[in-house]
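# A closer look at the structure
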Amino acid sequence: MKPAIVIEQWLAARLPGDAAEWLKSSVQRLRGGGSDKDLYMSVSLVPRKIGKADLALSATELGHATAARPGWNPREWSLDQAARVLLLLAAAGDGATFSRRLDQLCATADVGELVAFYRGLPLYPDQPRHVLRAAEGVRTNMKAVFEAVAHRNPYASEQLAEPAWNQMVLKALFIGASLDPIVGLDRRANPALARMLCDYAHERWAAGRPVSPELWRCVGPHARGDMLADLARVLKKGTGPERAAAALALSSSPDPAASGLLWEYPELSAAVSEKKVSWQAIANPA
Amino acid sequence: MRFIDPHIHMSARTTDDYERMAAAGIVAIVEPAFWLGQPRTQVGSYIDYMSSLVGWERFRAAQFGIRHYCTIGLNSKEANNEALAEQVLEILPRYLMKEGVVAVGEIGYDDQTPVEDKFYRAQLSLAKEFDMLVQVHTPHRDKKSGTTRSMDVAIEMGMEPGRVVIDHNNEETVEEVLDRGFWAAFTIYPHTKMGNERMVEIARKYGSERIFIDSSSDWGVSDPLAVPKTAHLMLERGIAARDVEEICYGNALQAFGQSGQMKEEHWLDPAPIDQRMLFEGNSVLRGQAPRVGEPAAVPQHSDATVFK
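Residues numbered from 1 in each chain as written. Chains lettered and ligands numbered in written order. Predicted model: local features only at pLDDT ≥ 70, side-chain atom pairs only at ≥ 80, totals over all residues.

### A word on the overall build of chain B
Summing up its helical and strand segments, chain B has twelve helices and eight strands in all. In terms of overall size, chain B behaves like a compact globule, its C-alpha atoms giving a radius of gyration of 19 Å where 308 residues would be expected to give roughly 19 Å. Residues counted as buried form 46% of the 308 residues belonging to chain B. In chain B, 71% of the contacts between residues at least 6 apart in sequence involve partners at least 24 apart. (Helix = DSSP H or I, 4+ residues; strand = E, 2+ residues; numbered from the N terminus. Rg over C-alpha atoms; globule rule 2.2 N^0.38 Å. Buried ≥ 20, exposed ≤ 12 C-beta atoms within 10 Å, placed from the backbone. Contact = placed C-beta atoms within 7 Å.)

### A few points about the sheet that holds strand β3 (residues 67–72) of chain B
All names here are of chain B. Read across the open sheet, the eight strands follow the order β1-β2-β3-β4-β5-β6-β7-β8; overall the sheet is parallel. Across the chains shown, the open sheet's two edge strands, defined by having one partner strand only, are β1 (3–5) and β8 (211–214). Sheet twist, expressed as the mean angle between neighbouring strand axes with direction ignored, is 25°. Across two bridges, the pairing between strand β6 (residues 164–167) and strand β7 (residues 183–187) is parallel. Bridge pairing in β7 links Val 165 to Trp 183. (Pairing = 2+ DSSP bridges. Axes fitted to C-alpha atoms, helices over the stretch in contact; angles between N-to-C directions.)

### Focus on the environment of Glu160(B)
Residue and element names in this part refer to chain B. Following the sequence through the fold, Glu 160 ends up in the loop between α6 (143–156) and β6. Accessibility expressed as a C-beta count within 10 Å gives 11 for Glu 160, which makes it exposed. Taking C-alpha positions, Glu 160 is 38 Å from Thr 15, a pair spaced 145 residues apart along the chain.

### Some points on unusual backbone geometry
Note that the residue after Gly105(B), namely Glu106(B), is joined by a cis bond; omega there is -20°. Assignment of secondary structure puts Glu106(B) in strand β4 (residues 101–108). Look at Arg152(A): it is not a glycine, yet its phi comes out positive at around 50°. Following the sequence through the fold, Arg152(A) ends up in the loop between α9 (143–150) and α10 (155–159). The exposure class of Arg152(A) is partly exposed, given the 18 C-beta atoms found within 10 Å. The phi dihedral of Asp131(B) falls on the positive side, at around 55°, and the residue is not glycine. Assignment of secondary structure puts Asp131(B) in the loop between α5 (114–129) and β5 (133–137).

### Describing the interface of chain A and chain B
Each partner contributes residues to the interface: chain A has 18 residues there, and chain B has 17 residues. Breaking the side of chain A that touches chain B down by element, the ones donating at least two residues are α3 (36–50) and α7 (111–119) of chain A. At five residues, α3(A) tops the list of elements feeding residues into the side of chain A that touches chain B. For the side of chain A that touches chain B, the residue count by class is ten nonpolar, five polar and three charged. (Nonpolar A, V, L, I, M, F, W, Y, C, P; charged D, E, K, R; others polar.)

### What to know about the pairing of β4(B)
All names here are of chain B. Within β4, eight of the eight residues are buried, which leaves the element mostly enclosed by the surrounding structure. Where β3 lies against β4, three bridges are found, and the strand directions are parallel. Bridge pairing in β4 places Thr 71 opposite Ala 103. In this fold, β4 hands off to α5, which returns the chain to β5; that crossover is right-handed. (Right-handed = clockwise from strand over helix to strand, strands pointing away.)

### A closer look at the confidence of the model for chain A
Confidence in the prediction of chain A, expressed as mean pLDDT, is 95, and 100% of residues score 70 or more. The weakest mean pLDDT in chain A belongs to helix α15 (residues 256–263) of chain A at 92; the strongest belongs to α10(A) at 98. (pLDDT = per-residue confidence, 0-100.)

### Side note on the environment of Trp205(A)
Residues and elements named next belong to chain A. Following the sequence through the fold, Trp 205 ends up in helix α12 (residues 191–206). Residue classification places Trp 205 among the partly exposed residues on the basis of 15 C-beta atoms within 10 Å. The spacing of Trp 205 and Gly 220 is 15 residues in sequence and 19 Å in space, taken between C-alpha atoms.

### Description of the pairing of strand β2 (residues 26–32) of chain B
Residues and elements named next belong to chain B. Where burial is concerned, most of β2 is hidden: seven out of the seven residues are buried. By the bridge criterion, three bridges tie β1 to β2 in an arrangement that is parallel. Looking at the pairing, Ile 4 lines up with Ala 28 of β2. Note on the crossover from β1 through helix α1 (residues 15–23) to β2: the handedness is right-handed. As defined by bridge partners, β2 adjoins β3 across five bridges and the pair is classed as parallel. Residue pairing in the sheet places Glu 31 in a bridge with Cys 70 of β3.

### Thoughts on the packing of helix α4 (residues 82–96) of chain B against α5(B)
Residues and elements named next belong to chain B. Where α4 contacts α5, the two axes come as close as 11 Å, and the packing angle between them is 15°. One finds that α4 runs roughly parallel with respect to α5. For α4 against α5, the interelement crossing comes out right-handed. In contact with Glu 82, Ala 85, Leu 89, Leu 92 and Leu 96 of α4, α5 contributes Val 115, Phe 119, Ala 122 and Leu 126. A breakdown of the residues in the contact of α4 with α5 according to their chemical character gives eight nonpolar, no polar and one charged. (Parallel < 35°, antiparallel > 145°, perpendicular 65-115°, else oblique. Left-handed = near helix turned anticlockwise from the far one by under 90°.)

### So, the packing of helix α2 (residues 17–31) of chain A against helix α5 (residues 79–90) of chain A
All names here are of chain A. Between α2 and α5, whose axes approach to 8 Å, the crossing angle comes to 25°. Taken together, the axes of α2 and α5 are roughly parallel relative to one another. Side by side, α2 and α5 meet where Leu 23, Ser 26, Val 27, Leu 30 and Arg 31 of the first sit next to Ala 83, Leu 86, Leu 87 and Ala 90 of the second. Of the residues assigned to the contact of α2 with α5, the class counts are seven nonpolar, one polar and one charged.

Right under this line is the structure:
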C-alpha cells in the first residue's frame, strides 16, 4: 500500500464527519489536478478544519507505515501533520512540480507547517531531489523543525552526504536535541564524526560545561589513540550516566586496547555484558 | 495578575525584553504587521517579514513562555507605494489563515491619502471574505477626524463594530469609538501617544467595557512593560482590580479571541504535544504536565557580572 493511502485510512478512521468530508473533497480536488492556490489554501486551513490532536497510531498501524515505506516512523505525528503531508502527496505530480510547490510552501510556512513538511520528507517523490530542502531544515534554529528532519525520519541517513550528516549530529548536541531518535545513527558513524565529537567534548570540558553522554555513542566504533584516552577520562571522572556511556562506547570499539580499558572497571564491564545499560536508557533518564 | 500586550512589535525587541515581560506576568502578545522604520522596496521583503511573524518570532516568544499571535496586513504608510502595495495585497491571502493570525492589521490611515484609502478598503474586503477581525491603526496627525473616518469606512465596507479594534485612542477619540460599539485600544507610549497617568483617568471616567491597553513597543523609544506598569499604577490610584484585569488582560482576550485562534488554555493549559514542539512555559493548570527537555531558563539578570 502506498503511504498516501495508509495516511488516508488513518485519518478517515479518526476524523469526525465534517472534518473528514472537508479533507476528502480537498484531496479529490488536488488529485484531479488542483491549482497551486488550492494546495496552499487547503494546507493552511488544516488546523482550523481538523485540529492538532495526536495521531496516536496503534502498533498494527505503525507496522503498516514501515511496510509502506521502510524506515518511516510516524509514531509522534499529529492529525494536522498527517493531513498536510497527505495533501502534498495528493497534489504530487512529477518531482519538479512537487519541489517547486514545496519550496513555495516553505517560503511562507508557519512553524507547524514546517514541522509537517519536514516530517514528510521520506514520502516525497524523487527522493534525492529534496537533499537541499533537508539541509535547510537542519540549518534552522527552531528545535522542533530541526527534530522534524533529524528524529524518527529515515531521510537524512539515506540521502545526506557524510559532511552534512556529521553537521546534523553535531548540531543536535549543540541545540540539546537527543541523538537516540536519529535514524541510522550507528550505521552512519564514521571516523571524521568521531574526531569532531571528541574535539567538541574537549571544548566543553575547557569551558567547564557538561558533555552529553550520548556523544560517546558515535565515538565508540571509531575510537582509537587519543579518543580512547578521552573515554578513559570519562570512565574515571564522569557522572553515572557518563561512565555508563563511556563503557558502552568502549564495548563497541574494535581496538583491543578498548576492552583492556573496560576490564579495569569490572562492575561497568559486567553491566555492559549483562545489558543493564543501554543508549536508550542514557538518552531518556528516568 | 496576568497580562496581555495586544500590540507590540517584538521583531524589534531583544531577549532581555522577553525575559522581563515574562517575569512581569505577560502571558501572551499580539504582534501586528507594520513598517520597519524605512520603506520596503520588494514584495519579497514582505514575504520574509510575514513568514517570520508566523514562524521564527512565534517560536522565539514561546522559548520565554509567552504566547505569540499576530495580525497580517499592509500598513498605511507603505500603502502609498501603489505598485508595490498591489503585489503585497496579492500575497496577503497566503498568510491570513496561518496559525495564530488573529486579525487583519494593523491597517488604516497615515496621511489619509486616496491610495491609503484604496488599500484600507481592499483589506476590509479581505477581512470580510476570510471572516476575520480587523485591527485599525488610527493616524497620529489629524487624529480625531481620521479616527471617525476609519470607523465610517469600516462600517461602509460591512464590518460589525464588535469585530474591529480601533487602536491608539486618546481622550478626544474614546467616546465616539465606544458609543459606536467598537473596541477602544490605548497605546501607552512615552512622549507621543498616551502617558499612563492619563490612562488612569480614562479608566476612572469610562470604566473597563471594551477598553484595553497596549505598549506598541517597536524600534523607537518605547516600553515593553507598559501594560503591567500601567496596571500597577491603576491599582495604586484606586481603580478596582476587576477593571484593571479587564483593561490589561480580559478585554484583549475577548476581542481577539473572536478569531478562534487565541484561547486562554494556550497558556493556562498547553497541550502536551504543543509543549514538546513549541512552548517552553509552565502549565498553570496541570501540576505535573510532562515537560520534555530542559526547564525554561530562569531569567539571567542583564546586570550580572558573571555568566557561564
